[in-house]
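Chain and residue survey
Single-letter residue listing:
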Amino acid sequence: MKNAKAAPQLLFLTGNAGKLREIQAALPEVRAWDVDLPEIQSVDPRRVIEAKLLEATRLLPGQRLMVEDTSLSLDALGGLPGPLIKWFIADGSLGLEGLADVAAARGNLQARATTWIGLLEPSATGLSLRFFEGTVRGRIVRPVGQSGFGWDPIFQPEGADKTFAQMTPEEKTRFSMRSLALDALRKAWEHG
Ligand SMILES: O=P(O)(O)OP(=O)(O)OP(=O)(O)OC[C@H]1O[C@@H](n2cnc3c(O)ncnc32)[C@H](O)[C@@H]1O
């Protein structure tokens, strides 16, 4: 089995149940580690991921660790909020409606969603850190749909006529940035 060496101790550092569900659907051997680590602020997700992984491996040396960062970038805002999306859609902030309003008011609905996965593994020479990325383009629409999580209700990926939140989990998997990042990771595993 190609993934045999991935089992069973790949720890996914996350407190997000939606992300965990989707990652485990693709990689059932992944276990969650919901640890509260300081998160540096940067518009480069790789820097945020790397800092988290290095802190985590200090706490739990010798483990294979995974961190994932998913961002939503609006062309109407020059690529923001990107990795800061969580704060834009938090309660009391702009929210999904507000983001959709901004995109519509600026006359540009184009957006891209990107998942970065960082993998930190013990290696013969110390630690190996690898990144895997997946991006899909789409458009921002008024919130619609009940499934999924986060900003799923306002993102309609290219090639689909509904938002992630209107899709079944299988449909979202077919269109999602996370699937592309996971494909890249699996390819790297297959090639050793
Ligand atoms: O503990 P971690 O894994 O860091 O979880 P998080 O919720 O902080 O995760 P991110 O920074 O990657 O996510 C930024 C925001 O984007 C949301 N999000 C992540 N993946 C998503 C997806 O596939 N669809 C919709 N929203 C998503 C997520 O709920 C956050 O509000």
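Remember, predicted model here, so these are calculated numbers, not experimental data.

Here we take up the site of the ligand. The full set close to the ligand counts 18 residues, and Thr14, Lys19, Lys86, Asp152 and Lys172 are the nearest of them. At 2.6 Å from an oxygen atom of the ligand is found a side-chain nitrogen or oxygen belonging to threonine 14. With respect to the ligand, the backbone of threonine 70 contributes an N or O atom lying 2.9 Å from an oxygen atom. Its free accessible area being 610 Å², the ligand has 91% of it covered by the protein chains. Sorting the residues of the shell around the ligand by element identifies β3 (64-74), α3 (85-88) and α6 (177-190) as the ones contributing at least two each. In terms of residue count, the dominant contributor to the shell around the ligand is β3 (3 residues).

For the structure on display, the rule yields 4 aromatic pairs. Relative to phenylalanine 164, the ring of tryptophan 151 has its centre 6.4 Å away and its plane inclined at 40°; by these criteria the two rings are tilted. With tryptophan 151 in the loop between β6 (126-140) and β7 (155-157) and phenylalanine 164 in the loop between β7 and α5 (169-175), this residue pair connects regions lying 13 residues apart in the sequence. Under the relative-accessibility criterion, tryptophan 151 is labelled buried at 8%. When the ring of phenylalanine 155 is compared with that of phenylalanine 164, the centres are 5.4 Å apart and the planes differ by 45°; the resulting orientation is tilted.

What follows concerns the nonpolar core. With 18 residues, the main nonpolar core has Leu72, Ala113, Ile140, Trp151, Ile154 and Phe155 as its most contacted residues. The set of elements that each furnish at least two residues to this core consists of β3, α4 (95-105), β5 (110-123) and β6. It is α4 that contributes the most residues to this core, 4 residues altogether. Apart from the residues lying within four places of it in its own chain, the contact partners of phenylalanine 155 are Leu72, Ala111, Ala113, Val136, Arg137, Gly138, Arg139, Ile140, Lys162, Thr163 and Phe164. Among the nonpolar cores identified, the runner-up in size contains 15 residues, and Leu20, Val30, Met66 and Trp189 belong to it.

What counts and how
- Residues numbered from 1 in each chain as written.
- Predicted model: local features only at pLDDT ≥ 70, side-chain atom pairs only at ≥ 80, totals over all residues.
- Heavy atoms only, no water.
- Near = heavy atom within 4 Å.
- Polar contact = N/O pair within 3.5 Å; in protein donor to acceptor, adjacent residues only side chain to side chain.
- Areas by Shrake-Rupley, 256 points an atom, 1.4 Å probe, with all protein chains shown as cover.
- Helix = DSSP H or I, 4+ residues; strand = E, 2+ residues; numbered from the N terminus.
- Phe/Tyr/Trp six-rings, centres within 6.5 Å; stacked < 30°, edge-to-face > 60°.
- Buried < 20%, exposed > 50% of the residue type's maximum accessible area, 1.4 Å probe, protein only.
- Core = buried A, V, L, I, M, F, W, Y, C linked by side-chain atoms within 4.5 Å.
- Contact = heavy atoms within 4.5 Å.

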